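Fold and geometry: a report
Here is what each chain is made of, one letter per residue.
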Amino acid sequence: GAAEGGAPAGGESRRRLKLLFEQEERGPVTALAAMQGMLLCAVGQKISIWKAERGELRPAGFHYAGFTASCAATLGNYALLGDACRGLQLVAWSKEKKCFEARSQRRDAASAFACEMTLDEADPNPAN
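Residues numbered from 1 in each chain as written. Predicted model: local features only at pLDDT ≥ 70, side-chain atom pairs only at ≥ 80, totals over all residues. Heavy atoms only, no water.

Focus on the overall build of the chain
The secondary structure content of the chain amounts to 0 helices and 8 strands. Mapped from its N terminus to its C terminus, the chain presents α and β elements in the order β-β-β-β-β-β-β-β. (Helix = DSSP H or I, 4+ residues; strand = E, 2+ residues; numbered from the N terminus.)

Right, here's the structure in full:
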């Protein structure tokens, strides 16, 4: 029978997670983010972007950040990467070149364990 709140007895839920993709890496995955229908993944200093094609994850490009990303946030084709010791880095994904291009870097920023980006709609000259 169901316990209070509609959950089955014993605290188990009927909802299940389904594994869609699996990829071996040479270190711990320290940050993940969605970017333009792809998956941005940080492993050590390597930032990879993966595309789902024909039921598999395929590499679309990569970037060496120079630090271990502890967090990642995306907005459009931009990715903000934060490091627990060495600040922030902003990169842009170039679909034509299939690579990331460094746009800005702050080595003097405080430790970044979480980061986020927002769009300032009041700005009359937004960046492309």
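Things to note about the pattern of salt bridges
All told, the structure shown has 5 salt bridges when counted by the stated rule. For the salt bridge of Glu 101 with Arg 103, the shortest nitrogen-to-oxygen distance reads 3.1 Å. Shared partners join several salt bridges into a network, and the residues in it are Lys 51, Glu 53, Glu 56 and Arg 58. (Salt bridge = Lys/Arg side-chain N within 4 Å of Asp/Glu carboxyl O.)

Some points on the confidence of the model for the chain
Confidence along the chain averages 81 in pLDDT terms, with 80% of residues attaining 70 or more. Considering each helix and strand of the chain separately, the mean pLDDT is smallest for strand β8 (residues 99-106), with a value of 84, and largest for strand β2 (residues 38-43), with 93. (pLDDT = per-residue confidence, 0-100.)

Quick look at the sheet that holds strand β4 (residues 56-64)
One open sheet accounts for 4 strands, arranged β1-β2-β3-β4; its pairing is antiparallel. In this open sheet, the two edge strands, each paired with only one partner strand, are β1 (29-35) and β4. Each adjacent strand pair in this sheet contributes to an overall mean axis angle of 25 degrees, direction not counted. Sheet topology note: the β2/strand β3 (residues 46-53) ladder contains 5 bridges and is antiparallel. Counted as the bridge partner of Ala 42 is Ile 47 from β3. (Pairing = 2+ DSSP bridges. Axes fitted to C-alpha atoms, helices over the stretch in contact; angles between N-to-C directions.)

As for the sheet that holds strand β7 (residues 87-94)
The strand order across the open sheet formed by 4 strands is β5-β6-β7-β8, and the pairing between neighbours is antiparallel. The strands lining the two open edges of the sheet, one partner per strand, are β5 (69-75) and β8. Along the sheet, successive strands turn relative to each other by an average axial angle of 25 degrees, direction set aside.

Regarding the pairing of β8
Remember that side chains alternate between the two faces of the sheet whenever the strand is regular. Of the strand pairs in this sheet, β7 and β8 are connected by 7 bridges, and their pairing is antiparallel. When the bridges of β8 are listed, Leu 90 appears paired with Ser 104. Counted between consecutive antiparallel strands, the loop separating β7 from β8 contains 4 residues, among which Lys 98 sits at a positive phi close to 55 degrees.

Let's talk about the side chain of Gln 89
Here Gln 89 shows up in strand β7. Within the structure, Gln 89 has its side chain in polar contact with the backbone oxygen of Ala 65 (distance 3.5 Å). Discounting chain neighbours no more than four positions away, the residues touching Gln 89 are His 63, Ala 65, Phe 67, Ala 79, Leu 80, Leu 81, Ser 104 and Gln 105. (Polar contact = N/O pair within 3.5 Å; in protein donor to acceptor, adjacent residues only side chain to side chain. Contact = heavy atoms within 4.5 Å.)

With respect to a nonpolar patch on the surface
Taken together, Val 29, Leu 32 and Leu 39 make up a surface patch of nonpolar side chains, about 240 Å² in accessible area. Mapped onto the secondary structure, Leu 32 falls in strand β1. (Patch = residues over 30% accessible without salt bridge, like charges linked within 9 Å, V, L, I, M, F, W, Y side chains within 5 Å. Areas by Shrake-Rupley, 256 points an atom, 1.4 Å probe, with all protein chains shown as cover.)

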